[in-house]
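Residue-level structural notes
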Amino acid sequence: MTTTASHLSPHLHRAMRASAGAATITVLAFSLAACGSGNDDENISNTPQLDLGYTSLNLLTVEGLKFKDLNKDGKLEPYEDWRLGADVRAKDLVSRLTLAEKAGLMMHGTAPVLNDTTGVGTGTSYDLTTLGTQINDKAIFTYITRMSGDATTMAEQYNKIQTLAEASRLGIPVSISTDPRNHFQYTVGASATGTGFSQWPETLGFAALNDATLTRKFGDIARQEYLAVGITQALSPQADLATEPRWARINGTFGEDADVAKAQVQAYIEGFQGGSTGLTNKSVLAVVKHWVGYGAQKSGFDSHNYYGRYATYPGNNFAYHLKPFEGAFAANAASIMPTYSEPDASVTVDGITLEQVGAGFDKALLTDLLRGKYAFKGVVLSDWGIMSDCDNNCLNGWPGTPGFAGFGTPWGMETATKLQRYVKSVNAGMDQFGGAEEPEYLVQAVNQGLLAETRLNDSVYRILLQKFQQGLFDHPYVDSAAAKTVVGNADFQAVALDTQRKAMVLLQNSGNLLPMSATGKKVWLYGIDAATAAKYGYTVVATPQEADVAIVRVSTPFETLHPHYVFGSMQHEGSLAFADGQADYEAIKQAALAPKSVVAVYMDRPAILTNVVDKVTSIVANFGANDTALFDVLTGVGKPQGKLPFELPSSMAEVEAQLEDVPHDTAHPLFAYGFGLSYQ
């Protein structure tokens with residue numbers, strides 16, 4: 001949409017007034033060789049003017065058409081000419097870059113915010129002074145945002161960043177990425193606070209429905225919301241497989257079946273990128289992760305942590321974990337993110353033997369397999385922190401409260417220098433470094449003959465090509481006044497709420513208790529807003545014994561086995577079983593005192609319900625749902641249509657005996673993969 005001055009911040013109003021005072025530059029002599037030629041009048045009549053929206057730059061007039069003077073030299077250069085193809089423009093711009101600028105473009109920094117108390121970029125206003133320095137002095141033009149705030153504020157803040165970018169030497173626009181914002185579970189390093197975005201189940205819920213059309217619709221809605229506030233890169237989806245039930249990142253996957261995940265990954269990307277034919281100016285580029293085998297984590301420990309750095313393949317099933325990425329390639333995914341994990345033993349696939357290092361350093365994985373066998377042409381973006389040192393606290397646990405100081409994930413390269421890590425990773429096939437803001441190492445590597453500048457050219461071309469394909473050089477600003485009418489609007493929220501309902505899985509329904517009428521019913525509640533229950537006509541009572549029905553909301557059990565590691569302190573590890581002394585399990589036992597009881601279980605991992613099924617009347621699994629969605633399902637306003645995207649084991653002994661890389665392989669699952677009842 002066109003951005004007008006009335007939609008811009010006061011800062012941009014001032015910039016626009018200053019720009020308007022400058023005379024429009026008319027280029028009197030211009031070679032048509034690079035843009036296709038013909039009669040001037042014919043060109044004017046046949047070439048419609050591209051909508052450039054607002055800009056703080058001077059405009060060039062050529063053949064009656066307007067172009068941005070990105071490098072401010074008063075001449076129309078090929079990379080400034082929107083009539084040319086993205087490929088031509090990207091190659092021309094690469095030829096104009098200094099070595100330092102090439103190195104800067106290979107950094108994917110963290111957008112700094114004011115008053116950041118977390119050290120990872122959470123806040124409500126960007127630190128524009130620091131950003132200006134990074135853009136102009138380090139030539140960093142891609143950032144992850146962890147900023148929260150209303151849609152208007154986010155859009156206004158984004159526009160200010162693009163004004164800084166236009167002032168840079170070559171006027172290269174900034175790309176903004178984000179972790180997922182449209183779900184329920186928020187963990188630093190995995191997801192971001194939604195703040196007003198439409199709220200959907202976790203991707204497990206889409207796997208439970210296995211409806212590619214719905215998943216594509218979700219991607220399309222999220223795409224519109226992202227673009228409204230200036231987010232042009234989605235650090236998703238996870239193509240990882242949930243073959244290890246204890247793993248902490250299962251909630252972001254499409255479950256444990258590779259064929260289902262393949263179809264869902266493809267649909268997700270097609271929604272975000274606007275189809276399967278590549279990027280356009282309507283696309284949010286998808287960064288598919290984590291290449292590859294991240295779900296097969298040894299003992300379920302996560303490789304954000306040093307103790308969890310190993311993926312393992314006791315079932316010799318590495319190839320199975322490649323299959324979901326075939327959906328990504330079919331959708332022409334723009335970017336791939338390698339996993340942190342390193343294999344704990346030798347792995348060979350299609351005659352290619354992987355190196356026992358983190359995937360971001362493995363040439364066999366990135367060049368031979370990804371670019372070779374699968375012919376991937378897009379950008380390979382590292383996960384965050386693989387260049388950083390992992391200090392003694394990071395390796396062995398903080399003595400007190402863990403923090404991000406001294407944190408890194410350079411698995412397999414722990415004792416290498418930063419320079420050595422950059423050289424190995426670039427030579428392995430890496431294009432851009434997540435969370436890194438240190439281009440000086442790449443400059444040093446080239447100057448010392450450790451990397452060829454032509455190798456950097458390849459990566460920079462791929463990065464710039466995508467910026468051109470997305471139209472960022474020509475129309476980077478967004479309409480901040482309109483953002484609030486897009487993000488989380490009523491139509492989007494209605495579809496999201498309906499999906500929350502549908503994605504629930506009915507596991508048990510003794511005596512067909514559900515759906516149930518509220519007429520005359522007294523309920524005892526746990527983990528549920530009493531006001532929501534009252535809206536549906538229920539009378540809330542103080543004890544289970546007074547109730548007709550007890551309704552409790554609980555989550556899959558977990559343990560915090562590594563409280564002195566920064567991610568270990570946040571992630572869910574260990575046992576999946578309900579046990580005496582757990583608050584949720586004590587509530588379940590209390591609910592059993594009522595004549596009938598309903599347990600709704602949020603499953604970020606597969607819960608063991610062996611000692612729950614005999615105590616309650618009905619059990620409903622959800623993968624992210626608010627109280628309204630839950631009561632809609634309990635009362636029959638909506639119907640649970642999901643099927644389990646993973647099996648539910650019967651015991652932890654069987655979980656410990658199963659193989660980390662093999663799907664649905666516990667010996668006697670309590671509920672099999674794909675199980676789900678329907679209302680009568």
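- As named in an unreviewed UniProt entry, the chain is beta-glucosidase, taken from Amantichitinum ursilacus.
- Recorded under Sequence similarities (unreviewed entry), the UniProt text for the chain is reproduced unchanged: "Belongs to the glycosyl hydrolase 3 family."
- In UniProt, the chain has this text filed under Catalytic activity (unreviewed entry): "Hydrolysis of terminal, non-reducing beta-D-glucosyl residues with release of beta-D-glucose."

Here we look at the packing of aromatic side chains
- One pass over the structure, following the stated rule, counts 33 aromatic pairs.
- Ring geometry for Phe254 and Tyr268: centres 6.2 Å apart, planes at 75°, overall edge-to-face. Within this pair, whereas Phe254 is found in the loop between β7 (233-234) and α9 (258-273), its partner Tyr268 is found in helix α9, the two being separated by 14 residues in sequence.
- For Phe254, a relative accessible area of 1% gives the class buried.
- On the basis of an interplanar angle of 85° and a centroid distance of 6.0 Å, the ring pair of Phe404 and Phe407 is categorised as edge-to-face.
- An aromatic cluster is present here, built from Phe197, Trp200, Phe206, Phe218, Tyr226, Phe254, Tyr268 and Phe272 joined pairwise through their rings.
- The residue whose ring lies beneath Arg309 is Tyr306, and the NZ or CZ to ring-centre distance is 3.8 Å.

Quick notes on the sheet that holds strand β19 (residues 549-555)
- Strand order in the open sheet made by the 6 strands is β16-β21-β20-β19-β17-β18, with mixed pairing throughout. Two strands in the sheet have a free side with no partner beyond their single neighbour: β16 (505-509) and β18 (539-540).
- Sheet topology note: the strand β20 (residues 596-602)/strand β21 (residues 618-622) ladder contains 5 bridges and is parallel. In the sheet register, Val601 faces β21, and the bridge partner there is Ala621.
- Against the sheet, helix α19 (residues 583-591) contacts β17 (522-526), β19 and β20, and its axis sits at roughly 165° relative to β19.
- Running over the sheet, helix α20 (residues 627-635) touches β17, β19 and β20 and is turned about 135° from β19.

A short note on the pattern of salt bridges
- Evaluation of the coordinates by the stated rule reveals 31 salt bridges.
- Here Glu63 ties to Arg83 by a salt bridge, and the two come within 2.9 Å at their closest N and O atoms. Note that Glu63 is positioned in the loop between β2 (59-62) and β3 (65-68) and Arg83 in the loop between β3 and α3 (86-96), a separation of 20 residues in sequence.
- Look at Glu63 and you get buried, because its relative accessible area is 14%.
- As a salt-bridge pair, Asp81 and Arg83 come within 3.0 Å of each other at their nearest N and O atoms.

With respect to the UniProt feature "domain: Glycoside hydrolase family 3 C-terminal" (unreviewed entry) in the chain
- Under the feature "domain: Glycoside hydrolase family 3 C-terminal" (unreviewed entry), the UniProt entry names residues 540-679.
- Taken as a whole, residues 540-679 contains 17% helix and 14% strand, while its terminal C-alpha atoms sit 25 Å from one another.

Observations regarding the nonpolar core
- Counting 138 residues, the largest nonpolar core has Trp291, Phe318, Phe433, Leu442 and Leu464 as the members making the most contacts within it.
- Not counting chain neighbours up to four residues away, the residues in contact with Leu442 comprise Ala103, Met106, Met107, Tyr422, Val426, Phe433, Leu451 and Leu456.
- Tyr294, Trp524, Met603 and Phe646 belong to the second-largest nonpolar core, a separate cluster that totals 33 residues.

A closer look at unusual backbone geometry
- Omega for the bond connecting Ser236 with Pro237 falls within 30 degrees of zero, at 10°, which places this linkage in the cis form.
- Note that Pro237 resides in the loop between β7 and α9.
- In this chain, Trp291 is followed by Val292 through a cis amide linkage whose omega measures -10°.
- Here Val292 is to be found in the loop between β8 (285-291) and β9 (310-311).
- A positive phi angle is found at Asn332, which is not glycine, with a value near 60°.
- Structurally, the position occupied by Asn332 is in the loop between α10 (323-330) and β10 (335-338).
- At His664, a residue that is not glycine, the phi angle is positive and equals roughly 25°.
- Tracing the backbone shows His664 in the segment after α21 (652-657).

Brief notes about α3
- Looking at α3, one finds that the buried residues are Arg89, Ala90, Asp92, Leu93 and Val94.
- Lining the buried residues of α3 we find α4 (99-105) and α15 (453-469).

Reading the values: the criteria
- Within every chain, residues take consecutive numbers counted from 1 along the sequence as written.
- Since the coordinates come from a predicted model, pLDDT governs what is reported: local features require at least 70, and pairs of side-chain atoms require 80 or more to be given and counted, while whole-chain, interface and lining totals use all residues.
- Values reported for side chains reflect all heavy atoms of the structure, with hydrogen atoms and water molecules removed beforehand.
- UniProt positions are given in the numbering used here, feature names are shortened, and annotations may be inferred rather than shown by experiment.
- Side-chain rings of Phe, Tyr and Trp, where Trp is taken by its six-membered ring, are said to pair if the distance between their centres is within 6.5 Å; with planes under 30 degrees apart they count as stacked, over 60 as edge-to-face, and otherwise as tilted.
- Numbering goes from the N terminus for both helices and strands, where a helix is a DSSP run of H or I of at least four residues and a strand is a run of E of at least two.
- Residue exposure (1.4 Å probe, protein chains only): buried if accessible area is under 20% of the type maximum, exposed if over 50%, otherwise partly exposed.
- Two limits define a charge over a ring: the Lys NZ or Arg CZ must be within 6 Å of the ring centre, and within 35 degrees of the ring normal.
- Pairing between two strands requires that DSSP report at least two bridges joining them.
- By definition in these notes, contact holds between two residues if any of their heavy atoms fall within 4.5 Å.
- Convention adopted: a line fitted to C-alpha atoms gives each axis, helices being fitted over their contacting stretch, and angles between N-to-C directions are expressed from 0 to 180 degrees.
- A carboxyl oxygen of Asp or Glu within 4 Å of a side-chain nitrogen of Lys or Arg is what we treat as a salt bridge.
- The definition of a nonpolar core used throughout is a set of buried Ala, Val, Leu, Ile, Met, Phe, Trp, Tyr and Cys residues joined through side-chain atoms within 4.5 Å.

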